[in-house]
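So the chains spell out like this:
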Amino acid sequence: MAVAKPSTLVYLMRRDLRVADNPIFHAVSTKAHGFTHFLPVYVFSAQQVEVSGFVSEEGKNCPYPEARSPIGAFWRCGPRRAEFLAESVWDLKDSLESLGSGLCVRVGMVGEIARQLIASDQLNVGGVWMTGEEGVEEKREERDVKRVCKEEGVDLQIWGDEKYFIDDRDVPFSKPSELSDIFTTYRKMVEPLRDAPRPCLPTIQKDSLPPFPVSIPIQHAPFSMPDDYDGLLGALQAPLSKQPIIKNPPQQISDTESAHPFQGGETYAQERLSHLISSGSMTTYKDTRNGLLGIDFSTKLSAWLALGCITGRQVHAALISFEDGTDDCADSWKAAPGYGKGENDGTKAVRFELLWRDYMRLCTRKFGPKLFRVQGFKGQAIPHDRWINPGPSNAAATEILERFLNGTTGMGLIDASQRELYLTGYTSNRARQNVASFMSKMLNIDWRLGAEWYESMLVDYDVSSNWGNWQYVAGVGNDPRGENGRIFNPVKQGFDYDPQGEYVKAWVPELRDLKNPSEIFQAWTVPVGQREQVGIAGLAMVEAPLKKIEFTIGRKNNAGRRPDNEKHNRGGGQGQGQGRFRGNSVRTGGEKGMGPGSRPGGYGGRGYGSSKPYSGGRGYFSYRGRGRGGDAFGGREARTGMMEKDAAAALWR
Ligand SMILES: Cc1cc2nc3c(=O)[nH]c(=O)nc-3n(C[C@H](O)[C@H](O)[C@H](O)COP(=O)(O)OP(=O)(O)OC[C@H]3O[C@@H](n4cnc5c(N)ncnc54)[C@H](O)[C@@H]3O)c2cc1C
């Protein structure tokens, strides 16, 4: 009998780094497809992850431009996320191997890798499958693979990833343009949320996948792929450590624990989910979710969700089992508060937040490249002097940006969050909202620099959730309140969410000898004569804060009270939205963008619109200025330390 010619199915994995509840693994393991071999492949995309650390040929350079952001020239994928990603890939590899399969790991551009695999006689590729994504670059990647497959006569299938809360097939409209610009309207269309998700796919069994190919083409030159985890991580992180990421980066703090001490990968995502239920954290989530310090105040599932290590509906399904007290519950869940008692405020709120994630991604589908444009989804013209412009011709603005990034602005809550982010790759939703508001509305720095910085630093970076939330808080996105509708007063937010200043002191150790929360939130309020005694004299954040907010405690409604609107609102942007803040704090006037020139050898941008790309791998920090002192920042409040009085009063209410 003639032996069938081998035919390999290549699965190009993206942000679907899991075995369970994965439509492609499920289909390959259960449905007739005719392939004799199956090759799951993960590519570290040279556009989004710096891959020069994989160059192994003596004297050879990396053929790709550095993977830096277009405006700020930050590494697109910073060291923390690189680690979480490497862990997730390695965990997937381990899982696939234990199922009798494997994972081929490569670096390069996805289309090129597809071409090399298809060209290989060893494999005889008969089909390529991948999941679809919404981002501009990700769509371009899909088009590249499509072109290659067409040229090579190989069938390509693009699948829905099914990692979201509500399956694409159940989204209640057919055209992206029909998505409401108001989240609540969308939510009402899909409620009740507890009934909305589809069931998870059945778990795949050992040896149910077609065999892994015996021989696979090697990684193309000048790169080589390490064969162990340490080698992989080392190659990813080596280029990032060659030069400082920012000027005066925050120093490690030995006695402050990370709020995100987690390891990447499906295995750890499932462990975390189980812990959240058995510890009662899901049940108490609604009351704790605005926390700042600690591990369990919120789910911390975001980084795994972003990489597809876990799906929204897996979270939902576990909650259903817990709420219903079904037989498949782990023993440890049975003693948790709420077990078997139906949906509770906490589990309901988790579903609500997971829907926000869905919504942000649907916005990307609707608005495409507008996600990255300075005018945002709204598309309204922005006055040319709306933002200060760090860059070679504006030393003062450059310094403002540097101090914002390294957490020495003098605004305690903001500095704590920025340092936490830099040191751990995570900061809470509450802190993110404050940081985004402070940057875009008080420092008046182009919000896209903040989004780029978060993209670099966050372990949970997700293109839609990050850029969509930045737009939302900056007032150019889908916030029905408009640009000035939500301005967070970081001092009042400190009193509301960190009343003793514990969070600030945890990440800004210089302030640990301070007792009075007002002083912890703004150290410039410590009288000059006492600064020496508490060890803060001479610090820029004390002597020359970037922003001063007058704030009085004790006056009715001023402090320690949660804004009323939070009872009904959500995480992406609620705050003291009642007030309007008219004062401009630190304008330095519209000169040029950050980095003139154009990026050589690029891949095509994400459509930043009118922004100027950086030149030759250098961003704002190549043009550092030395300007210092209150006057250098210009602007009335920076000089006087006061916001316009009535504007400030409105802000506090
Ligand atoms: C400026 C800014 C940037 C952000 N960037 C990202 C990002 O890159 N990646 C990311 O996953 N989230 C982002 N968020 C949303 C949110 O801050 C994080 O999802 C959340 O802090 C992650 O922690 P958690 O998993 O404990 O969240 P939880 O409070 O436990 O929420 C559960 C899940 O719901 C989803 N979720 C919660 N809030 C939001 C939200 N506002 N928008 C979208 N999804 C949400 C997340 O998947 C999260 O894991 C951003 C928010 C802001 C204000």
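Residues numbered from 1 in each chain as written. Predicted model: local features only at pLDDT ≥ 70, side-chain atom pairs only at ≥ 80, totals over all residues. Heavy atoms only, no water.

Caption draft 1: Seen up close, the side chain of T131. If you trace the backbone, T131 turns up in strand β4 (residues 125-131). In this structure the side chain of T131 is engaged in a polar contact, spanning 2.8 Å, whose partner is the side chain of D16. Not counting chain neighbours up to four residues away, the residues in contact with T131 comprise R14, D16, I24, E142, I158, W159, G160 and D161. (Helix = DSSP H or I, 4+ residues; strand = E, 2+ residues; numbered from the N terminus. Polar contact = N/O pair within 3.5 Å; in protein donor to acceptor, adjacent residues only side chain to side chain. Contact = heavy atoms within 4.5 Å.)

Caption draft 2: Here's a closer look at the environment of T30. Examined against the element boundaries, T30 turns out to sit in helix α1 (residues 23-30). Measuring from C-alpha to C-alpha, the distance between T30 and I204 comes to 8.3 Å, with 174 residues separating the pair along the chain. Within the local environment of T30, its side chain forms a polar contact with the backbone oxygen of H26, the two atoms lying 2.6 Å apart.

Caption draft 3: Quick peek at the UniProt feature "site: Electron transfer via tryptophanyl radical" (unreviewed entry) in the chain. Listed under "site: Electron transfer via tryptophanyl radical" (unreviewed entry) in the UniProt record, and renumbered for this structure, are W387, W447 and W470. Within the secondary structure layout, W387 lies in the loop between α11 (345-367) and α12 (395-406). Accessibility expressed as a relative area gives 8% for W387, which makes it buried. You can see W470 is positioned in helix α16 (residues 463-474). With sequence-adjacent residues up to four places away left out, W470 is seen in contact with A436, M439, W447, G450, A451 and Y454. (UniProt positions renumbered as here; feature names shortened; annotations may be inferred. Buried < 20%, exposed > 50% of the residue type's maximum accessible area, 1.4 Å probe, protein only.)

Caption draft 4: Layout of the sheet that holds strand β5 (residues 155-159). Here 5 strands make up an open sheet; going across it, the order is β3-β2-β1-β4-β5 and the pairing parallel. The two strands at the open ends of the sheet, each matched to only one other strand, are β3 (104-108) and β5. On average, adjacent strands in this sheet sit at an angle of 25 degrees to one another, irrespective of strand direction. Strand contacts of α1: β1 (8-13), β2 (37-45), β4 and β5, with the helix running at about 145 degrees to β4, the strand carrying the most contacts. (Pairing = 2+ DSSP bridges. Axes fitted to C-alpha atoms, helices over the stretch in contact; angles between N-to-C directions.)

Caption draft 5: Up close: the packing of helix α14 (residues 429-442) against helix α17 (residues 490-497). The N-to-C vectors of α14 and α17 enclose an angle of 170 degrees; their axes lie 11 Å apart at closest approach. The angle between the axes of α14 and α17 places the two elements in the roughly antiparallel class. Mapping the contact onto sequence places R430, N434, F438 and M442 in α14 and P490, Q493 and Y497 in α17. Tallied by class, the residues present in the contact of α14 with α17 amount to 4 nonpolar, 2 polar and 1 charged. (Parallel < 35°, antiparallel > 145°, perpendicular 65-115°, else oblique. Nonpolar A, V, L, I, M, F, W, Y, C, P; charged D, E, K, R; others polar.)

Caption draft 6: Region of the structure containing the packing of aromatic side chains. Counted under the stated rule, the structure contains 27 aromatic pairs. Both rings, one in F84 and one in W304, keep their centres 5.9 Å apart while their planes meet at 55 degrees; by these two values the pair is tilted. Taken as a pair, F84 in helix α2 (residues 79-98) and W304 in helix α9 (residues 302-306) lie far apart in primary sequence, 220 residues in all. Summarising the burial analysis for this pair, F84 and W304 share the class buried. Ring geometry for F367 versus F377: centroids 4.2 Å apart, planes at 15 degrees, classification stacked. Taken together, the residues span a long stretch of sequence, with F367 in helix α11 and F377 in the loop between α11 and α12 at a distance of 10 residues. Accessibility classification places F367 together with F377 in one group, the buried group. (Phe/Tyr/Trp six-rings, centres within 6.5 Å; stacked < 30°, edge-to-face > 60°.)

Caption draft 7: Geometry of the UniProt feature "binding site: FAD" (unreviewed entry) in the chain. What UniProt calls "binding site: FAD" (unreviewed entry) maps, in this numbering, to Y285, S298, T299, K300, L301, S302, D460, Y461 and D462. Position of S298 among the secondary structure elements: in the loop between α8 (281-288) and α9. Each residue touching S298, except ones within four places of it in the same chain, is listed here: R272, L276, Y285, R289 and Y426. Looking at the element boundaries, K300 is found in the loop between α8 and α9. Apart from the residues lying within four places of it in its own chain, the contact partners of K300 are A259, H260, F262, R272, G294, I295 and Y426.

Caption draft 8: Structural context of the confidence of the model for the chain. This prediction gives the chain a mean pLDDT of 87; 84% of its residues lie at or above 70. Note on residues 556-601: pLDDT under 50 across the span, and 169 contacts to partners over four residues away in sequence or across chains. Segment residues 610-653: pLDDT under 50, and 128 contacts once partners within four positions in sequence are set aside and those in other chains are kept. (pLDDT = per-residue confidence, 0-100.)

Caption draft 9: Representation of the pattern of salt bridges. Counted according to the given criterion, the structure contains 43 salt bridges. Linking R351 and E343 is a salt bridge whose minimum nitrogen-to-oxygen distance equals 2.8 Å. In this structure, R448 engages D446 in a salt bridge whose closest nitrogen and oxygen atoms are separated by 2.6 Å. Neither R448 nor D446 differs from the other in exposure class; each is buried. (Salt bridge = Lys/Arg side-chain N within 4 Å of Asp/Glu carboxyl O.)

Caption draft 10: Spotlight on the nonpolar core. One finds F44, Y186 and W453 to be the most contacted residues of the largest nonpolar core, which totals 157 residues. Broken down by element, this core gets its largest block of residues, 11 residues, from α11. Once residues within four sequence positions are removed from consideration, Y186 is found in contact with I166, V171, P172, F173, L179, S180, L355, Y359 and L362. With 20 residues, the next largest nonpolar core counts V10, L12, L39 and V43 among its residues. (Core = buried A, V, L, I, M, F, W, Y, C linked by side-chain atoms within 4.5 Å.)

Caption draft 11: How the structure looks around helix α10 (residues 312-324). Spanning 13 residues, α10 covers 18 Å between terminal C-alpha atoms, matching the ideal 18 Å at 1.5 Å per step. Of all the residues in α10, the buried ones are G312, R313, Q314, V315, H316, A318, L319, S321, F322 and E323. (Expected span 1.5 Å × (residues − 1).)

Caption draft 12: Examining the packing of helix α3 (residues 110-119) against helix α4 (residues 136-152) more closely. At a minimum axis separation of 8 Å, α3 and α4 run at an interaxial angle of 25 degrees. As far as their axial angle goes, α4 and α3 are roughly parallel. α4 is crossed by α3, and the crossing has right-handed handedness. Contacts from V110, G111, A114, R115 and I118 of α3 reach α4 at E141, D144, V145, V148, C149, E151 and E152. Considered class by class, the residues forming the contact of α3 with α4 number 6 nonpolar, 1 polar and 5 charged. (Left-handed = near helix turned anticlockwise from the far one by under 90°.)

Caption draft 13: Geometry of the pairing of β5. Inspection of the sheet shows β4 paired to β5 by 5 bridges, in the parallel sense. Among the inter-strand pairings, M130 is bridged to a residue of β5, identified as I158. Once you follow β4 into α4 and on to β5, the crossover reads as right-handed. (Right-handed = clockwise from strand over helix to strand, strands pointing away.)

Caption draft 14: Quick peek at the environment of V435. Relative to the helices and strands, V435 resides in helix α14. Take V435: its relative accessible area is 0%, and that puts it in the buried class. Taking C-alpha positions, V435 is 8.3 Å from L413, a pair spaced 22 residues apart along the chain. Residues in contact with V435, not counting those within four places in the same chain, are F404, I414, S417, Q418 and Y454.

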